[in-house]
Amino acid sequence: MLRAAGVGHGDEVIVPSFGNIEVAEAVTLVGATPVFADIDPATYCLAPTAVEAVVGAQTAAIVVVHRFGHPADVAGLHELGQRHGLLVLEQGESETPYAEVAQRRERAAYLDRRLRGVRAPESGGGHTYQQYVVRVPGNGRPDRDAFAQALRARGVECRVPVKTPVHRMPGFRRDVCLPETELASDETLSLPVEASLTKREMNRIVSACNALGGLLQPAF
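Bear in mind the structure is a predicted one, so any value in this text is a computation, not a measurement.

1. Looking at the overall build of the protein
Looking only at helices and strands, one finds 7 helices and 6 strands in the protein. For the protein, the succession of helices and strands along the chain, N to C, is β-α-β-α-β-α-β-α-β-α-α-β-α. In summary, the protein has a C-alpha radius of gyration of 19 Å against a globular reference of 17 Å for 220 residues, a match within 12%. Taking the principal axes of its C-alpha atoms as reference, the protein extends roughly 55 × 40 × 30 Å. Across the 220 residues in the protein, those meeting the buried criterion constitute 47%. Within the structure as shown, the protein displays about 10,800 Å² of accessible surface, and the carbon and sulfur contribution to it stands at 51%. Seen as two clouds, the 23 positive and the 26 negative side-chain charges of the protein have centres 9 Å apart.

2. Structural notes on the side chain of histidine 127
Locating histidine 127 in the fold gives a position in the loop between helix H4 (98-114) and strand S5 (132-135). A polar contact of 3.5 Å, which involves the side chain of histidine 127, links it to the backbone oxygen of glycine 69. For histidine 127, the side chain forms a polar contact with the main-chain nitrogen of tyrosine 129, separated by 2.9 Å. What histidine 127 contacts, discounting residues up to four positions off in sequence, is Phe68, Gly69, His70, Pro71, Arg105 and Glu122.

3. Brief notes about helix H6 (residues 179-187)
It helps to recall that an α-helix has 3.6 residues per turn; residues three or four apart then point in one direction. The complete set of buried residues in H6 reads Thr181, Ala184, Ser185 and Glu187. The inward-facing, buried residues of H6 contact strand S2 (33-37), S5, helix H5 (141-153) and strand S6 (188-191).

4. Concerning the nonpolar core
Leu115, Tyr132, Phe147, Leu151, Leu189 and Leu191 are the most contacted members of the largest nonpolar core, which totals 26 residues. Elements represented by at least two residues in this core include exactly H4, S5, H5, S6 and helix H7 (199-213). Ranked by residue count, the leading element in this core is H7, at 6 residues. Counting residues in each nonpolar core, the second largest holds 18 residues, with Leu2, Ala32, Phe36 and Val63 among its members.

5. As for the pattern of salt bridges
Pairing between side chains of opposite charge can happen when their charged atoms approach one another. Throughout the structure, instances matching the rule amount to 8 salt bridges. We note a salt bridge from arginine 83 to glutamate 79, for which the minimum N-O separation is 2.7 Å. Of this pair, arginine 83 and glutamate 79 both sit in helix H3 (residues 74-84), 4 residues apart, which is roughly one turn of that helix. Here arginine 83 falls in the partly exposed class, since its relative accessible area comes to 47%. Note that aspartate 186 is salt-bridged to arginine 141, the shortest N-O span being 2.9 Å. Here aspartate 186, found in helix H6, pairs with arginine 141, found in helix H5; they are 45 residues apart in sequence, far enough to count as distant. Relative accessible area serves as the criterion here: at 30%, arginine 141 is assigned to the partly exposed category.

6. Observations concerning the sheet that holds S2
By way of backbone hydrogen bonds, the strands of a sheet pair with one another, either parallel or antiparallel. Pairing in this open sheet of 4 strands is parallel, and the strands run S2-S1-S3-S4 from one edge to the other. Where the open sheet ends on each side, the last strands, each with one partner, are S2 and strand S4 (87-91). Going across the sheet, the axis of each strand differs from the next one's by a mean of 30°, ignoring polarity. Along the sheet face, helix H1 (residues 22-29) touches strand S1 (12-16), S2, strand S3 (59-65) and S4 and points at about 145° away from the line of S2. Contacts between H3 and the sheet are confined to S3 and S4, with S4 contributing the most and set at about 155° to the helix.

7. Let's talk about the side chain of histidine 66
Positionally, histidine 66 belongs in the loop between S3 and H3. Within the structure, the side chain of histidine 66 is placed 3.0 Å from the side chain of glutamate 90, a separation counted as a polar contact. Those residues within four positions of histidine 66 in sequence are excluded, and the remaining contacts are Cys45, Pro71, Ala72, Val74, Glu90, Gln91, Gly92 and Glu93.

What counts and what doesn't
- Residues numbered from 1 in each chain as written.
- Predicted model: local features only at pLDDT ≥ 70, side-chain atom pairs only at ≥ 80, totals over all residues.
- Heavy atoms only, no water.
- Helix = DSSP H or I, 4+ residues; strand = E, 2+ residues; numbered from the N terminus.
- Rg over C-alpha atoms; globule rule 2.2 N^0.38 Å.
- Buried < 20%, exposed > 50% of the residue type's maximum accessible area, 1.4 Å probe, protein only.
- Areas by Shrake-Rupley, 256 points an atom, 1.4 Å probe, with all protein chains shown as cover.
- Lys, Arg positive; Asp, Glu negative; His and termini not counted.
- Charge placed at Lys NZ, Arg CZ, Asp CG, Glu CD.
- Polar contact = N/O pair within 3.5 Å; in protein donor to acceptor, adjacent residues only side chain to side chain.
- Contact = heavy atoms within 4.5 Å.
- Core = buried A, V, L, I, M, F, W, Y, C linked by side-chain atoms within 4.5 Å.
- Salt bridge = Lys/Arg side-chain N within 4 Å of Asp/Glu carboxyl O.
- Pairing = 2+ DSSP bridges.
- Axes fitted to C-alpha atoms, helices over the stretch in contact; angles between N-to-C directions.

Right, here's the structure in full:
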């Protein structure tokens, strides 16, 4: 899409650093330079204000990535693109049958009501819960990783959704300030939310998280 739109050498394309490296690689494949912008901490997608802060004379396009099933602020980013004369491209996520999305939302609502000690994801805006991503309070990555290890020991499968932001990876390393991206990389954990989960498995997730979560609460 970038090549078809005439984006190439000498152009800059604004992309998220929180997520897959493939987007930045696609930019370099057409000869353009990826420029990383910060995310909205609620959606994990590009924040329009952060994008506007890095728009420059060479900026030609913005690549909007929907993350974990939560849609980005497409309207806000298109409005920004129109004001600056920029191409706005969207990278969607895999399509999921409506019945499965409904079941994922049902399980997510169950977790939302019962989880303690972790911060549940924002539920609005048409979230399809490709992943159920929580924030683990405490001292960032060390506590998040310890929490994940303890959950696995209790029989709960979980994973770190974004281990390293793209702007910290070889070949794309940049000295940029992306505080929300860094924080999300250190605190987030993806919990099971598949439509196939049974009530017993859901209860195991809740019990394990709630038993551990209180240990990581900051002292006041």
